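Single-letter residue listing:
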Amino acid sequence: PVTNAPIVQAPSTIAIVSTLSTSLNTYGTGSKPDSEILEIINKNFDLRPFAIIKELKLKRPVYSKTASFGHFGRNDADFTWEQPKKLE
């Protein structure tokens, strides 16, 4: 992995189309400098709210499955956020 404990922040607002800024902190766990990992993130992920909804197909009615046993760490094809993305 590129990092073991990252925090990525991508604040946005309804009135602005793009994210306000993107920041990253790996707390020293990165195999690359934070600035390089942030470039990879910016190149491979569109962090605008609409783009996240579209990429993860969040408009589908799958949320009753998440009501029990949580949203993360589950092997279910409907949980598109669990599928790794190939990076450029």
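A. Structural detail: the nonpolar core. Core analysis: the biggest nonpolar cluster contains 5 residues, these being Leu24, Ile37, Leu38, Ile41 and Leu47. At 3 residues, helix H1 (residues 34-44) tops the list of elements feeding residues into this core.

B. Expanded view of the pattern of salt bridges. Per the counting criterion, the structure on display carries 3 salt bridges. With a shortest N-O distance of 2.5 Å, Asp46 and Arg48 are connected by a salt bridge. Relative accessible area serves as the criterion here: at 37%, Asp46 is assigned to the partly exposed category. Ionic pairing is found between Arg60 and Asp78, a salt bridge with its closest N-O pair at 3.5 Å.

C. Focus on unusual backbone geometry. Even without being a glycine, Tyr27 presents a positive backbone phi close to 55°. Take Tyr27: it is sitting in the loop between strand E2 (23-25) and H1. The class of Tyr27 is exposed, set by a relative accessible area of 53%. Of note in this structure, Lys57 is not a glycine but carries a positive phi near 55°. By the element assignment, Lys57 lies in the loop between helix H2 (49-55) and helix H3 (63-66).

D. Fine view of the confidence of the model for the chain. On average, residues of the chain carry a pLDDT of 81, and 99% of them reach 70 or more. Of all helices and strands in the chain, the one with the weakest mean pLDDT is H3 (74), whereas H1 scores best (90).

The rules behind the values
- Residues numbered from 1 in each chain as written.
- Predicted model: local features only at pLDDT ≥ 70, side-chain atom pairs only at ≥ 80, totals over all residues.
- Heavy atoms only, no water.
- Core = buried A, V, L, I, M, F, W, Y, C linked by side-chain atoms within 4.5 Å.
- Buried < 20%, exposed > 50% of the residue type's maximum accessible area, 1.4 Å probe, protein only.
- Helix = DSSP H or I, 4+ residues; strand = E, 2+ residues; numbered from the N terminus.
- Salt bridge = Lys/Arg side-chain N within 4 Å of Asp/Glu carboxyl O.
- pLDDT = per-residue confidence, 0-100.

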